[in-house]
Amino acid sequence: PKIVSVIPVENGQEGYAPNVVVQMNFDKALNPLSADGMVRSGEGFQNIEVAASPIEGQGASRPDGQFTLTNRLRTVEFLTNMSCGVNTCGRQVFCLPFSSNIGVRIKAATLGQVPPQARMVSGPSPFDGIVDYTGNSFDGNADGIATGPGTDDFSWRFQTTDRPNLQPPRISAVRPGIRASNVAVDVHVQSDFDSALQASTVSSDTVRLRTNEP
């Protein structure tokens with residue numbers, strides 16, 4: 001498995017709102033046992049590490065929170081458990097540490113005797129890094145060869161500001177258009193939003209297609 005995109009992107013000195021959700025998108029389905037877990041008091045899930053250090057200060061820490069595998073097992077999202085306000089929809093929002101440098105590292109798994117298959121280990125996860133649904137270790141440098149921890153780890157950094165974004169996302173366009181008629185039956189129904197969505201909130205429970213048929 002390889003990385004396709006990440007949110008937020010590395011941004012130099014321009015900060016993101018601290019309630020931004022860390023999102024990692026992969027090119028294939030991942031094994032949930034390697035990519036889903038919780039961090040409490042800096043312990044627990046280790047295959048992806050999110051670390052925060054004050055922009056003006058010293059010392060790094062791992063914020064507590066949940067890594068959730070979603071989007072047909074192709075997207076991992078990290079959401080902290082530190083409440084930092086309520087948005088205009090009345091929904092509670094959760095934040096990374098304010099005014100901090102945030103580093104994210106996705107770990108490749110130790111290889112077994114038949115690469116790119118990963119070796120199973122003891123611990124909170126049967127793998128010590130990210131693997132796909134068939135047990136192949138993460139290819140972080142995207143060279144087509146799984147080489148295990150270190151070379152195939154993937155890291156990036158960004159900064160947070162001291163002010164959460166409490167504005168909810170809005171739909172900016174839909175296709176087919178409202179009250180469109182004579183639409184082909186194989187058309188893709190699409191909605192454009194004015195900001196990136198938390199993938200784990202988009203499901204058949206929150207988006208529904210209804211018809212006027214019996």
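An account of the accompanying structure is given in this report. Here the structure is a predicted model, which means the values were calculated and not measured. (Residues numbered from 1 in each chain as written. Predicted model: local features only at pLDDT ≥ 70, side-chain atom pairs only at ≥ 80, totals over all residues. Heavy atoms only, no water.)

1. Things to note about the environment of Gln190
Along the chain, Gln190 falls in strand 13 (residues 190–193). Counting along the chain gives 13 residues from Gln190 to Gly177, while the straight-line C-alpha distance between them is 9.6 Å. Setting aside its immediate chain neighbours within four residues, Gln190 contacts Ala173, Val174 and Arg175. (Helix = DSSP H or I, 4+ residues; strand = E, 2+ residues; numbered from the N terminus. Contact = heavy atoms within 4.5 Å.)

2. Quick look at the sheet that holds strand 10 (residues 100–106)
Strand order in the open sheet made by the three strands is 5-10-11, with antiparallel pairing throughout. Sheet topology places strand 5 (48–54) and strand 11 (154–159) at the edges, where each strand pairs with a single neighbour. On average, each strand axis in the sheet is inclined to that of its neighbour by 15°, with strand direction left out of account. Pairing geometry for strand 10 and strand 11, over six bridges, is antiparallel. What sits directly across from Ile102, in strand 11, is Phe158. (Pairing = 2+ DSSP bridges. Axes fitted to C-alpha atoms, helices over the stretch in contact; angles between N-to-C directions.)

3. Here's the deal with the state of the cysteines
By definition, a disulfide links the sulfur atoms of two cysteines through a covalent bond. Going through the model one piece at a time under the given rule, you end up with one disulfide. A disulfide bridge connects Cys84 with Cys95, and the sulfur atoms are separated by 2.0 Å. Torsion about the S-S bond of the Cys84 and Cys95 cystine: about 70°, corresponding to right-handed handedness. Within this pair, whereas Cys84 is found in strand 8 (residues 83–86), its partner Cys95 is found in the loop between strand 9 (92–94) and strand 10, the two being separated by 11 residues in sequence. Like Cys95, Cys84 is buried. Unpaired in terms of disulfides, Cys89 finds its nearest cysteine sulfur in Cys84, a separation of 15 Å. (Disulfide = S-S within 2.5 Å. Buried < 20%, exposed > 50% of the residue type's maximum accessible area, 1.4 Å probe, protein only.)

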